[in-house]
Amino acid sequence: MKLEYPRGSEWRKWDLHVHLPGTKLSDGYEHDGDILEKFCDEIESSDVEVIGIADYFGVEGYFEFIEKFYGKYPDSPKVFFPNIELRLNESVNQVQEEVNIHIIFPPEITQTKEKEFLSKLKTEITDSHDRQKPCSELASADFESATVIRKSLEEAIENTFGKKMARQDRLLIITAANNDGLRPPRGRNRKLNISDQIDKFSDGYFGGSQNTEFFLSEDRLEDDDQKIKSKPVFSCSDAHNFTDLSNWLGRSVNSESTNKEITWIKANPTFEGLLQTLIEPLERVKIQDLKPDQKEPYKYISKVTFSGTNDFPEEIVFNDNLTSIIGSRSSGKSALLAYIAHSVNPEDTIIRQMAAQEERDRSKVGPAAGKTWQGVSQIECKVEWAIGESEEGRLIYIPQNYLYSISKRPEEITKKIEPVLFTNHLAIKNQFEKTNGDVAGANDIIRDAISQWFDYDQGIKDLGEEISNLGDKKSIEAAKNAYKNQIDELKKHLSLSQEDIDNYQRVAEQISQRKSSLTDIQSEKSSLNPFFEDSETLKVVNIQPTVTFHPSLNSLPIKLSDQINLVVDSAAEKITTDIKVKLLTYYQGLITDEQKLNQEIIDINAQNKTLIEKQQQNIQLSKLIENFNRQTAVISSIEVKEKSISEYQDKKKELVQKINGAILARSQSYLSLSQIFSGIDQSQTEMDFGVEIDFNEDTVEELSEKFNRRDSSDYLDDGVINLKKIRSKVESFLDYMNTTQKLRINQNKKQAAIAALCTTEDIRFNATLEGDKIGGFTLSSMTPGKQALFALTLILDESDDAWPLLIDQPEDDLDSRSIYEYIVPYLTSRKKERQILMVSHNANLVVGADSEEIIVANRHGADRKNRASKTFDYLSGAIEDSKDKTANQYVLESCGIREHAIDILDGGKEAFEKRKDKYKI
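Residues numbered from 1 in each chain as written. Predicted model: local features only at pLDDT ≥ 70, side-chain atom pairs only at ≥ 80, totals over all residues. Heavy atoms only, no water.

1. A few points about the overall build of the protein chain
Looking only at helices and strands, the protein chain features 28 helices and 27 strands. Its C-alpha atoms give the protein chain a radius of gyration of 47 Å, more than 25% over the compact-globule value 29 Å for 921 residues. Its C-alpha atoms give the protein chain principal-axis dimensions of roughly 180 × 65 × 55 Å. Relative to its 921 residues, the protein chain shows a buried fraction of 50%. The contacts in the protein chain between residues at least 6 apart in sequence include a share of 72% that link residues at least 24 apart. Within the structure as shown, the protein chain displays about 45400 Å² of accessible surface, and the carbon and sulfur contribution to it stands at 46%. (Helix = DSSP H or I, 4+ residues; strand = E, 2+ residues; numbered from the N terminus. Rg over C-alpha atoms; globule rule 2.2 N^0.38 Å. Buried < 20%, exposed > 50% of the residue type's maximum accessible area, 1.4 Å probe, protein only. Contact = heavy atoms within 4.5 Å. Areas by Shrake-Rupley, 256 points an atom, 1.4 Å probe, with all protein chains shown as cover.)

2. A short note on a negative patch on the surface
A grouping of D694, E697, D698 and E702 is seen on the molecular surface, where their side chains present a negatively charged patch. Sorting elements by how many residues they give to the negative patch places helix α20 (residues 697-704) first, with three residues. Inspection of the secondary structure puts E697 in helix α20. A residue is classified by how much of its surface remains accessible, and E697, at 69% relative accessible area, is exposed. (Patch = residues over 30% accessible without salt bridge, like charges linked within 9 Å, V, L, I, M, F, W, Y side chains within 5 Å. Salt bridge = Lys/Arg side-chain N within 4 Å of Asp/Glu carboxyl O. Lys, Arg positive; Asp, Glu negative; His and termini not counted. Charge placed at Lys NZ, Arg CZ, Asp CG, Glu CD.)

3. Things to note about the sheet that holds strand β7 (residues 172-176)
Reading across the sheet, the nine strands line up as β9-β8-β7-β4-β3-β2-β1-β12-β13 and stay open at both edges, with mixed pairing between neighbours. Every interior strand has two partners, whereas the edge strands, β9 (233-234) and β13 (285-287), have only one. One ladder, built from seven bridges, connects strand β2 (residues 50-56) with strand β3 (residues 79-91); its direction is parallel. By the bridge assignment for β3, I51 is matched with F80. Across the face of the sheet, helix α2 (residues 60-72) comes into contact with β2 and β3 while running at roughly 160 degrees to β3. (Pairing = 2+ DSSP bridges. Axes fitted to C-alpha atoms, helices over the stretch in contact; angles between N-to-C directions.)

4. Observations regarding the environment of L597
By the secondary structure assignment, L597 is in helix α17 (residues 558-607). Judged by relative accessible area, which is 14%, L597 ranks as buried. Counting along the chain gives 84 residues from L597 to Q513, while the straight-line C-alpha distance between them is 9.6 Å. Those residues in contact with L597 that lie beyond four places of it in its chain are R514, S517, L518 and I521.

5. A word on the pairing of strand β25 (residues 836-839)
The alternating pattern of β25 places I836 and M838 on one face and L837 and V839 on the opposite face, and all of these are buried. In this structure, strand β16 (residues 322-327) lies alongside β25, joined through four bridges in parallel fashion. Its bridge partner being in β25, S324 is matched across the sheet by M838. Taken together, strand β24 (residues 805-808), helix α25 (residues 816-830) and β25 form a β-α-β motif whose crossover is right-handed. (Right-handed = clockwise from strand over helix to strand, strands pointing away.)

6. Structural notes on the packing of aromatic side chains
Scanning the entire structure with this criterion turns up 33 aromatic pairs. Both rings, one in F69 and one in F80, keep their centres 4.9 Å apart while their planes meet at 75 degrees; by these two values the pair is edge-to-face. Of this pair, F69 sits in helix α2 while F80 sits in strand β3, and the two are 11 residues apart along the sequence. We note that F69, like F80, is buried. Clustering of aromatic rings is evident, with ring pairs tying together Y29, F39, F65, F69, Y70, Y73, F80 and F242. Across the ring face of F201, the terminal group of R167 is positioned such that the distance to the ring centre comes to 5.3 Å. One Lys or Arg, K725, reaches over the ring of Y715 and ends 5.4 Å from the middle of that ring. (Phe/Tyr/Trp six-rings, centres within 6.5 Å; stacked < 30°, edge-to-face > 60°. Lys NZ or Arg CZ within 6 Å of the ring centre and 35° of its normal.)

7. Some points on the packing of helix α22 (residues 730-739) against helix α23 (residues 749-758)
Put simply, α22 and α23 touch, their axes get as near as 9 Å, and they point 150 degrees apart. With respect to α23, the element α22 is oriented roughly antiparallel. Handedness of the crossing formed by α22 with α23: right-handed. In this structure, α22 uses V730, F733, L734, M737, N738 and T739 to contact α23, whose residues at the interface are K749, A752, A753, A756 and L757. When grouped by side-chain class, the residues that make up the contact of α22 with α23 number eight nonpolar, two polar and one charged. (Parallel < 35°, antiparallel > 145°, perpendicular 65-115°, else oblique. Left-handed = near helix turned anticlockwise from the far one by under 90°. Nonpolar A, V, L, I, M, F, W, Y, C, P; charged D, E, K, R; others polar.)

8. Some thoughts on the side chain of K266
Structurally, the position occupied by K266 is in strand β12 (residues 263-267). Relative accessible area serves as the criterion here: at 2%, K266 is assigned to the buried category. There is a polar contact of 2.4 Å between the side chain of K266 and the side chain of E852. Each residue touching K266, except ones within four places of it in the same chain, is listed here: S9, E10, W11, E283, R284, D293, N321, K831 and E852. (Polar contact = N/O pair within 3.5 Å; in protein donor to acceptor, adjacent residues only side chain to side chain.)

Next up, the structure:
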């Protein structure tokens, strides 16, 4: 069985008040030619899909029109309702006009039943025997003055249709709300009382947008203690001629003399559909120019088709608002949703299905239990968007148990807070990005500084080792003085003048100094060799200088960041060239100095040849002077190395200051992020957002594992690294790391120090909803149901783009209170913005949220057969599609949508009873 309106309740133009040619009063139609055929043509050419064909006190013309219209347009989708216009014998307005009421009958009513009703409806017109004339006996002269009373109308309804069935199952009473209807001026109490009684008697009103708010209010009666249900208002053309028909039917007109509006009704074009407006008058009826709840045609799914399988029907269509998919266990509900999601975005579908499972095994997820995506690769599911030409789209898929699964992982919910927060508060987004950039930049500075600190410290150790190898400075000074004393004693016994000895010592010292300088030059040349490909050609290797920014460029706009990087790249080329020039110049200077020193030694030897030869004749004196000079050279070398150590120590202190500055910059940037929350306006939002900045326990634990936690340490408390103490005593910590701190095997002191000082706080956003908080570093105070609801809210708020939402059995993740208080109104509101496809077995969701379309799923079985033995088949239609159960071998064809819903849904019967109670069926 395929229902006539498989997409369910859709917005259509309705006009329930159009008079046909020959109407008994105010007939303005030109009666030339086949006037009824012309009327049919005008009706068919209109975009109004449901029309009430009206006449006064009778419906003879309606059945003549129906026969004519469908004879000419047998395939027309238009639907017509008989509308009998009556006049009550009561007036409530200032000009004493009687109140006009309209009786709207179902299109299926027979002419025989209509005649029976009119023959039983007595008017206040009497004949010559003082007998009240029924409507069926009124003459032409009677129509202008004929009236009925409410009691007579109630009696005619009961006598025609019986007392057992509710009145609204047979007809609706629609009352005029303006000039020839309600409401009287204030202060006339009797009229006010009549008005209230007519209001209670009526099912709805013919009026305009100016009347809607009043009749939707439940406090509109004169007695403030009484409540009355909201009732729908319908704007109509009330056309009485072809000009009116052409200008007003389905059109909005606003001029000094005329005000006509368009009525949109979201329902099947059936009497059952019209009854839905009594249940949800606000949601089901809109008086406005444009179609309500319009969505971009490329952002909602029109239908899905299957090929390569006999498991599914070839095509399933969807409503653009809320479609609920219901069915018994393993009936293909979730599978349909999964196929649609996988067709649009396979990777995201798999990721979300994995997130909803404990194992998180990619190979085990698929469209249904026991089915993997690889195993059903031969089945092609194709999604068709409403625009038709669109081949790509997006959607939000929430598989079964997904909300519950992520609600147990607060860190994942926290991640979802971020995009919502950034969408609503750009200032926070900008500061967050700046803070991350600042922290990254500060850590780069800290990382480089620590690395240099350890390099300098190693340099100090190497120099100390070299000094130690040279000997103790005091001992060397003592040896030098001893040699000098021996020289002084020996020179007394030699035939050498004091001047010769002094000159020789001076010459020997000059040579010794130059040789010591040559040794230093050789050492510097050795340290520069890695920067040259060849010491002969002096070709500098490729070098790559880097630029570190603080604050980071990450927080800048991309265009500006790109411009700065161009500047950096251009400057880097010049810096590279300048550095190469410096390296080459310095190396060449060393060569020049080396050549100069060698030549100076040669020159000194040549200039003092006689003196040197004379002195060398005395071997003992020569050896003493040589030893004396050697001690002098060693002391000189020690002093040079001591100076370098002092310089390295100063550099280490500068690096510690640099690290402290970067730590402070990080802290200040975190503080700026925290403070910005106090400046944003959150008074108009349902939830308040906040931020918490602290260390992640897992990160601290992982860092602590680098250290020997069994050994006592100044910077570990019970085996846990004390990051705050480390930051407050950077210099002491680095010294401690370098000398005392024990690490685990294969751990490097420099890298451990870098890890400790570059470990930064996590930024976690939180949100508070009705006093309950989630996110941050503490456990959520929300119930699991509310937590899952919160997750759903965040998921939908991640993007402003209203792509379809596919949600599978949200009631499994939510408690009953959340469903009733939050989800139902949430779905009711959100379906106006985006298409929602929902699998559910909960009547409060399906019926309570007023699903525009319900798809009943069935799995083929011996006692639940599908046509063509398809594994899965689906029946789709509106909530108002009703058909009594009949014996049928195909289960989907055994009854209507409403009956299936009552059988399948948890609480289905009760949910529909609540709907009936709304309009007293």
